[in-house]
Amino acid sequence: HHTTVDLKAPTPGSDEKPPLREKWGRNIEFLLSCVALSVGFGNVWRFPYTAFKNGGGAFVIPYLIVLFIIGRPIYYLEMVLGQFSNRGCVKVYDLAPAMRGIGVGQTVAIFTVITYYASVLAVTLRYLVASFNPELPWSKCDPSWVDCVDSSRLGSITLGPNVTQPKTSADLYFRKTVMHAADSLDGGLGYPDWRLALCLIVSWICIVAILIKGIKSSGKVSYFLAIFPYIIIAVLLVRSLTLEGAWTGIKYFFEPQWDKLLTIEVWYEAVTQCFFSLTICFGGLIVYSSFNDFSNNIYRHALIITSLDTVTSLIAGCVVFGVIGHLAHVTGQPDISKVVQSGPALTFITYPDTIAKFDFLPQFFSVLFFFMLFLLGIGTLIGIVTSVITAIHDQRPDVARWKIVISVGLAGFCIGLIYITPGGLIILELLDYYGATLVTITLAVFELLTFAWIYGVNRVCKDIEFMLGIKTGLFWRVCWGIVTPITVLFILLVSLVQYKPQNVPLGYNALGWCLYAFAVLQLPCWAVYAVMQKQGLVWWDRCKAVLRPMADWGPEDPTKRSEYGTFVEEYKRQSTARSDHLVEKVRRKLFK
């Protein structure tokens, strides 16, 4: 009796029906919202500095491979299960309640990302306001800055043998004027900059205002958030390619350094960038898909969005590396990798430097660019904040949504103040590594294990067949069941074996590990809780029961769920009629 699952909920005779989940106003709103979610800071801000840190072309090839065998399969898988179940990133684990801690841990990771993304958004807003000055403040060197070259300069300079490598005014403006950046954390974090604090308040007000009325209001905004940025990126690309020396940087971006392709660090960075670029294994995609109509063709959407995401990353890379090539020409530095420092600040140095060289109305293009970057950040943040709000609201539907939105906004603002201190950039990289990157890869292994082996690749394919009426090809089955989980697991194990502490005082590394442990330990804690909730069974039967779908697992609509129950019973009947050998079970799990 333990192997039979009653899928026909609600209980007969009950007059009360749970309210249907809120839906997107139009199908195109879902597509554009996913574009705004996936095509954002991960492409224009994070991708260029990650590529620069890992050798340009040495990073691009692994990144493209990883997108094909990991990014796209996970993207499609999360969209499928979100739309099929109409559940958020925690409730989707009703397919195996013992694994619900994965969704909780991912919510912790995504909240970590939210806090520093919002701070980057505040820096963007700071630049947007500064762009209205009669002269761009980063285009000329301040008299107090030493070894500085005006970013508005178009010619090159010649350095003597003992002359210090100069920095551009855009570089020094960001570090000294905007961030007041400290070189280390030895003297503590310092105090938040009041201008950035005001910008952070405005950023969170914009996010809360869009989300407070639900998914339909954010769907309307997606038209502007998804389309307008591409116009500005195209303008910047043209300008970047026409700068003297730009093609040297672009050659560095695309020309692989074959020796680096054999280092695990580059592949590790490619995998993590894939997660951030597509926003997979964070819960946002599952949440967005859960607001879809049941029969929406997400297969087509998954292919469109993942392809567009890849192209956007490459275009952003061309813009940044074109500017870096030009900076090498201006400063007389023959080694591209030594022109600027890598890290989160790279985007706020290279893009402003490009704009400072515009001959015609640089202030106008600066306003357009930083407004575009602000929109990209808003688009990304709306999606990932929605996943946190939905995770909380699914667990506590009795709490009004607007209260959750405001609470998340207040918490995000208070924590975000850390990143706009003089030591904030260092803390950003620290928490990005421990609280976001490492947590996401760890939980991604268990997410794939749950979806592909506990629930089963073939069961997922049957759900797709029931939902969309299409058969799933061999590529998706092999990736979901074998290639993707093994690759992610390998990357995780090697990264843990080759772990090196961040270059910060010991206590900060300990804090990072505490955050990692808090997120990852959600999995065993919720598994134990799920087992204890099962009554009337011996412990072994309890363990098996919490790895099977709950009674109400399936489509949201009761009629559809009833049809799905019949569909699944037929599938189970055919499966149990076959051999029970291990090899046959594995083959059936993947291919039948």
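For clarity, every value in this text was computed on a predicted model and none was experimentally measured. (Residues numbered from 1 in each chain as written. Predicted model: local features only at pLDDT ≥ 70, side-chain atom pairs only at ≥ 80, totals over all residues. Heavy atoms only, no water.)

Before going further, it helps to examine the overall build of the protein chain. Scanning the protein chain from terminus to terminus reveals 22 helices and 2 strands. When each of the 592 residues of the protein chain is scored for burial, the buried share is 57%. The contacts of the protein chain with a sequence gap of at least 6 include a subset with a gap of at least 24, amounting to 84%. By element, 65% of the accessible surface of the protein chain is carried by carbon and sulfur atoms, the whole surface being about 24,000 Å². (Helix = DSSP H or I, 4+ residues; strand = E, 2+ residues; numbered from the N terminus. Buried < 20%, exposed > 50% of the residue type's maximum accessible area, 1.4 Å probe, protein only. Contact = heavy atoms within 4.5 Å. Areas by Shrake-Rupley, 256 points an atom, 1.4 Å probe, with all protein chains shown as cover.)

With that settled, consider empty space enclosed by the protein. By the definition in use, this model includes 3 cavities of 30 Å³ or more. Lining the largest cavity we find 11 residues, and of these Ser 119, Val 120, Val 123, Leu 425 and Leu 428 sit closest to its centre. Mapped by element, the contributors of at least two residues to the lining of the largest cavity are helix 4 (100–130) and helix 15 (424–454). For the lining of the largest cavity, the element with the most residues is helix 4, which contributes 3 residues. In terms of residue class, the lining of the largest cavity is made up of 10 nonpolar, 1 polar and no charged. (1 Å grid on protein atoms, 1.4 Å probe; cavity = no way out; pocket = protein on both sides within 12 Å on 5 of 7 lines; lining within 4 Å. Points joined across faces, edges and corners; volume = space filled by probe spheres on them. Nonpolar A, V, L, I, M, F, W, Y, C, P; charged D, E, K, R; others polar.)

Taken together, the side chains of Trp 194, Leu 198, Ile 201 and Ile 205 define a hydrophobic patch exposed on the protein surface, amounting to about 420 Å² of accessible area. Tracing the backbone shows Leu 198 in helix 6 (residues 194–211). With relative accessibility at 47%, the residue Leu 198 sits in the partly exposed group. (Patch = residues over 30% accessible without salt bridge, like charges linked within 9 Å, V, L, I, M, F, W, Y side chains within 5 Å. Salt bridge = Lys/Arg side-chain N within 4 Å of Asp/Glu carboxyl O.)

Once that is clear, we can look at unusual backbone geometry. Despite not being glycine, Asn 86 has its phi angle at roughly 55 degrees, a positive value. The phi angle at Asp 147 is positive, at roughly 50 degrees, despite the residue not being glycine. If you trace the backbone, Asp 147 turns up in the loop between helix 4 and strand 1 (148–149). On the accessibility criterion, Asp 147 (40% relative accessible area) is partly exposed.

What follows is about the environment of Lys 403. With respect to the helices, strands and loops of the structure, Lys 403 is situated in helix 14 (residues 401–416). Take Lys 403: its relative accessible area is 43%, and that puts it in the partly exposed class. Linking Lys 403 and Ile 389, residues 14 residues apart in sequence, is a C-alpha distance of 9.9 Å.

Take Glu 447: it is sitting in helix 15. Put simply, Glu 447 is tucked away with no salt bridge, and the nearest opposite charge, on Arg 100, sits 14 Å away. Among residues more than four places away in sequence, those in contact with Glu 447 are Ile 74, Glu 78, Tyr 93, Ile 102, Gln 106 and Cys 281. (Lys, Arg positive; Asp, Glu negative; His and termini not counted.)

Another point: the pattern of salt bridges. Close approach of charged atoms allows side chains with opposite charge to pair. Using the criterion set out here, one finds 10 salt bridges in the structure. Between Arg 87 and Asp 552 there is a salt bridge, with its nearest N and O atoms 3.5 Å apart. A residue pair is termed long-range when its members are at least 10 positions apart, and Arg 87 in the loop between helix 3 (57–85) and helix 4 and Asp 552 in the loop between helix 20 (539–545) and helix 21 (558–576) qualify at 465 residues. Residue Arg 87 is classed as buried on the basis of its relative accessible area of 9%. With a shortest N-O distance of 3.3 Å, Lys 471 and Glu 465 are connected by a salt bridge. Overall, Lys 471 belongs to the exposed group, its relative accessible area being 64%. With relative accessibility at 23%, the residue Glu 465 sits in the partly exposed group. It is possible to trace a salt-bridge network through shared partners that takes in Arg 87, Lys 91, Asp 94, Arg 100 and Asp 552.

Before going further, it helps to spend a moment on the UniProt feature "binding site: Na(+)" (unreviewed entry) in the protein chain. Within this structure's numbering, the places UniProt gives as "binding site: Na(+)" (unreviewed entry) are Val 39, Asn 43, Ser 277 and Leu 376. In terms of the greatest pairwise C-alpha distance, the residues named above, spread along 338 residues, form a tight cluster of at most 12.3 Å across. In this fold, Val 39 is placed in the loop between helix 1 (27–38) and helix 2 (41–53). In this structure Val 39 comes out as buried when scored by relative accessible area, which is 3%. Excluding residues that lie within four positions of it along the chain, Val 39 makes contacts with Cys 34, Tyr 230, Asp 309, Thr 312 and Leu 376. (UniProt positions renumbered as here; feature names shortened; annotations may be inferred.)

All right, on to helix 3 then. End to end, helix 3 covers 40 Å across 29 residues, agreeing with the expected 42 Å (1.5 Å per residue, within 8%). At Leu 67, helix 3 shows its maximal bend, which comes to roughly 45 degrees. Most of helix 3 is tucked away, with 24 of its 29 residues classed as buried. Immediately downstream of helix 3, the backbone of Asn 86 shows phi near 55 degrees, a positive value. (Expected span 1.5 Å × (residues − 1). Bend = angle between axes of the 7 residues up to and from the residue.)

What follows deals with the environment of Leu 368. Summarising the element assignment, Leu 368 is placed in helix 13 (residues 362–395). A sequence separation of 240 residues divides Leu 368 from Leu 128, and the C-alpha atoms of the two residues are 8.4 Å apart. Sequence-distant contacts of Leu 368, defined by excluding residues within four places in its chain, comprise Phe 228 and Ile 232.

Attention shifts here to the state of the cysteines. In a disulfide, the sulfur atoms of two cysteines are covalently bonded to one another. Scanning the model with the defined rule gives 1 disulfide in all. At a sulfur-sulfur separation of 1.9 Å, the disulfide partner of Cys 141 is Cys 148. Taking the torsion about the sulfur-sulfur bond, which here is approximately -85 degrees, the covalent link between Cys 141 and Cys 148 counts as left-handed. The partly exposed category is assigned to Cys 141, whose relative accessible area is 23%. Residue Cys 148 is classed as partly exposed on the basis of its relative accessible area of 21%. (Disulfide = S-S within 2.5 Å.)

Attention shifts here to the environment of Thr 50. Among the secondary structure elements, Thr 50 is positioned in helix 2. For Thr 50, a relative accessible area of 1% puts it in the buried group. Here the alpha-carbon distance between Thr 50 and Glu 269, two residues 219 residues apart in the chain, equals 7.3 Å. In contact with Thr 50, other than residues within four places in its own chain, are Phe 59, Glu 269 and Gln 273.

What follows deals with the packing of helix 4 against helix 13. Contact geometry of helix 4 with helix 13 gives a least axis separation of 9 Å together with a crossing angle of 160 degrees. Classified by the angle their axes make, helix 4 and helix 13 are roughly antiparallel. Handedness of the helix 4/helix 13 crossing: left-handed. Grouping the amino acids of the contact of helix 4 with helix 13 by side-chain chemistry returns 21 nonpolar, 5 polar and no charged. (Axes fitted to C-alpha atoms, helices over the stretch in contact; angles between N-to-C directions. Parallel < 35°, antiparallel > 145°, perpendicular 65-115°, else oblique. Left-handed = near helix turned anticlockwise from the far one by under 90°.)

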